[in-house]
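As a plain string of letters, each chain reads:
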Amino acid sequence: MKHNLRQPNKVVPFTGEFYPVADSEPMPAANNIAFFLVIIAAALVAGLSMGAISTYQSADQVQLRQMKANSQQLEKVKSQVCK
């Protein structure tokens, strides 16, 4: 006599719908490693961006950009006067 091995079905209360019972297998280790690598990469990118922002907004960099703008403006005035 041949027996058909069927997965037991799970009945959802109140709806009566049948869903197959999922096998409870642990996640493969590769997925955990990939997850942690993504988290580490995201933390690295966040740290680099925060460092770049703080460097860009530092007092020395603001002063340097202001001096560069003044120098360019002075060159324009100089070229207009010396024509």
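Here is a short report on the structure shown in this document.

Cut-offs and rules
- Residues numbered from 1 in each chain as written.
- Predicted model: local features only at pLDDT ≥ 70, side-chain atom pairs only at ≥ 80, totals over all residues.
- Heavy atoms only, no water.
- Helix = DSSP H or I, 4+ residues; strand = E, 2+ residues; numbered from the N terminus.
- Areas by Shrake-Rupley, 256 points an atom, 1.4 Å probe, with all protein chains shown as cover.
- Contact = heavy atoms within 4.5 Å.
- Phe/Tyr/Trp six-rings, centres within 6.5 Å; stacked < 30°, edge-to-face > 60°.
- Buried < 20%, exposed > 50% of the residue type's maximum accessible area, 1.4 Å probe, protein only.
- Lys NZ or Arg CZ within 6 Å of the ring centre and 35° of its normal.

### Considerations on the overall build of the protein
Move 1: When helices and strands are counted, the protein shows two helices and two strands.
Move 2: Helices and strands appear in the protein in the N-to-C order β-β-α-α.
Move 3: Total accessible area computed for the protein in this model is approximately 8300 Å², and 65% of it derives from carbon and sulfur atoms.

### Quick word on the environment of glutamine 61
Move 1: Here glutamine 61 shows up in helix α2 (residues 59-81).
Move 2: Among residues more than four places away in sequence, those in contact with glutamine 61 are Thr55 and Tyr56.

### Here we look at the packing of aromatic side chains
Move 1: Scanning the model with the defined rule gives one aromatic pair in all.
Move 2: A centroid spacing of 5.6 Å and a plane angle of 65° characterise the contact between phenylalanine 35 and phenylalanine 36, whose relative ring orientation is edge-to-face. The exposure classification of phenylalanine 35 matches that of phenylalanine 36, with both residues exposed.
Move 3: Of note, arginine 65 hangs over the ring of tyrosine 56, and the distance from its end group to the ring centre comes to 3.8 Å.

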